Amino acid sequence: MDGETAPDDFVILIGLMGAGKTKIGKQLADKLDMPFIDSDREVEAAAGCTIAEIFERFGEENFREGERRVIKRLLGGPPAVMATGGGAFMDDQIRQLILNNGISVWLRAPIDLLVERTSRRNTRPLLRQGDPREILQKLADERYPVYAQADVTVDVTGEPANRTTKEVLASVLAYKTILVASK
Ligand code: S3P
């Protein structure tokens, strides 16, 4: 990637569980020649246990506090492509930090795809609390209007990940061009 066109700021991926933030984020970081960070993994590293264990032992509110602290710290460091947990952008403080510190990309996916993808792993505490489809639908209803504040939206429709990554890359670079031109 030509250093002049690569964003000099964070690129932050948001979206519901199963949208592909980690996979697309890694591929995007590679193409942009930027480091990749996964905020969920960083929260786990800071806590010394898994997200499921944090929820179980200390509750969701404790997880959200840790998530806020970790994302704040990460956004104060060197620019990277960052995948965030699905609830991160719903927090007022985190959302402001994201909007102020980089280009945010919402990976918008249909519920059927999210249900199918999240069924492959049993690591997400929120989806263990009932019927995963109903939970994902409820979260989509609550969150999609807020996710819509992201700078860029890319639809994920089940195509191979590298196709989505290409689309995200093009959208991010186009957004950056508009941003530079408007300054
Ligand atoms: C959550 C999403 C998860 C993780 C936690 C809560 C959410 O991350 O942060 O289980 O509130 O949507 P992924 O979106 O990466 O699965």
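Here goes a summary of the coordinates provided. What you see as residue numbers is a count from 1 along each chain, following the sequence as written. Totals for whole chains, interfaces and linings use all residues, but because this is a predicted model, local features are given only for residues with pLDDT of at least 70 and pairs of side-chain atoms are given and counted only at 80 or more. Excluded from the side-chain calculation are hydrogens and water; included are all heavy atoms of the structure.

### Things to note about unusual backbone geometry
Its identity is not glycine, yet Asp33 carries a phi of approximately 55°, on the positive side. Inspection of the secondary structure puts Asp33 in the loop between α1 (21–32) and β2 (36–38). A 1.4 Å probe rolled over the protein chains alone gives each residue an accessible area, and that area as a share of the maximum for its type sets the label: buried under 20%, exposed over 50%, partly exposed in between. Take Asp33: its relative accessible area is 66%, and that puts it in the exposed class. A run of H or I in DSSP counts as a helix once it spans at least four residues, and a run of E counts as a strand once it spans at least two, with each numbered from the N terminus.

### Things to note about the pattern of salt bridges
Here, a salt bridge means any Lys or Arg side-chain nitrogen found within 4 Å of an Asp or Glu carboxyl oxygen. For the structure on display, the rule yields 10 salt bridges. Close ionic contact of Arg64 with Glu67 constitutes a salt bridge, the shortest N to O distance being 3.0 Å. In this pair, Arg64 and Glu67 are both assigned in helix α4 (residues 60–75), three residues apart and thus about one turn of the helix distant. Owing to a relative accessible area of 13%, Arg64 belongs among the buried residues under this scheme.

### What about the nonpolar core?
Formed by 57 residues in total, the largest nonpolar core has its most connected members in Leu16, Val81, Val105, Leu107, Leu114, Leu136 and Val168. In terms of residue count, the dominant contributor to this core is helix α7 (residues 132–147) (seven residues). In this structure, Val168 is in contact with Leu13, Ile24, Leu28, Val105, Leu107 and Val154, ignoring residues within four places of it in sequence. Residues enter a nonpolar core if they are buried and are Ala, Val, Leu, Ile, Met, Phe, Trp, Tyr or Cys, with the set joined through side-chain atoms within 4.5 Å. Here a residue-residue contact requires only that any non-hydrogen atoms of the pair lie within 4.5 Å.

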